[in-house]
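# Architecture at a glance
What follows is each chain in one-letter form.
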Amino acid sequence: MPPQRATRPHMPGYGILPAEQGSGLLPWFWAERRLADSHEYWVCSVRPDGRPHAMPVWGVWLRDALWFSSSRQSRKYRNLAAAPACTVTTDNPHQPVVLDGHAEAVTDPVTIGVFLEALNAKYATAYGLDFLDPAVNATLRVTPDSVFALNDEDFTGSPTRWTFGD
């Protein structure tokens, strides 16, 4: 689902220009391209005691969501199972894309197969469906609530926030 709206985010003290100045609001395809092309993603979740937790993962932008896998025993998975709100970032600090959303475990074998096919194609791997056995590993889909991006070549004129849903 494409975003409902694009706006200039409120960034006091950074000299951010109005939406119609600088390079203007970035188009959604600009953010989607970076979400698809990122090699690693940083998944930020919250530990039970409230402390943040960040870990890099391989993932794919697929069906309007960010997908990755995780051991069900990992801290990241246990955090997301208890509190699914999370932030995921791309790996390029010069053209960052920051996705705020909610993670959910996917258990349908056909859907997991689609994710695995995309993962294998992106990373030139040959993982079989047993690699993502739902009893051991979780396939996670993070659906965006909002996405922030900027191009540091126009730091004050490019910041854009897209919102989804209501």
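Our structure's up above, just so we're on the same page.
A brief report on the enclosed structure follows.

Analysis parameters
Residues numbered from 1 in each chain as written. Predicted model: local features only at pLDDT ≥ 70, side-chain atom pairs only at ≥ 80, totals over all residues. Heavy atoms only, no water. Helix = DSSP H or I, 4+ residues; strand = E, 2+ residues; numbered from the N terminus. Expected span 1.5 Å × (residues − 1). Contact = heavy atoms within 4.5 Å. Buried < 20%, exposed > 50% of the residue type's maximum accessible area, 1.4 Å probe, protein only. Arc of directions from axis to C-beta. Salt bridge = Lys/Arg side-chain N within 4 Å of Asp/Glu carboxyl O. Pairing = 2+ DSSP bridges.

Quick look at helix H3 (residues 109-123) now. The end-to-end C-alpha separation of H3 is 21 Å, in line with the 21 Å expected for 15 residues at 1.5 Å each. Here the buried face of H3 lies against strand S2 (41-46), strand S4 (60-62), strand S5 (65-71), strand S7 (97-106) and strand S8 (137-149). Positive phi shows up at alanine 124, right after H3, with a value of about 55°.

Okay, helix H2 (residues 75-82) next. Residues Lys76, Tyr77, Asn79 and Leu80 constitute the buried set of H2. Viewed along the axis of H2, the buried residues span an arc of 160°, placing them on a single side of the element. Exposed residues pointing more than 90 degrees away from the buried face of H2 are listed as Ala81 and Ala82.

Time to look at the pattern of salt bridges. Counted according to the given criterion, the structure contains three salt bridges. Arginine 33 is the partner of aspartate 37 in a salt bridge, and the nearest nitrogen-oxygen pair spans 3.2 Å. Note that aspartate 37 and arginine 33 are positioned in helix H1 (residues 28-37) at a spacing of four residues, about one turn of the helix.

Of the two faces of S2, only the one carrying Tyr41, Val43 and Ser45 is buried; Trp42, Cys44 and Val46 on the other face are not. Here six bridges tie S2 to strand S3 (residues 52-57), and the two strands are oriented antiparallel to one another. Note on S3: the bridge partner recorded for tyrosine 41 is valine 57. In this antiparallel pair of consecutive strands, S2 and S3, the connection spans five residues, and glycine 50 shows a positive phi of 95°. The sheet contact formed by S2 and strand S6 (residues 85-90) spans four bridges and is antiparallel.

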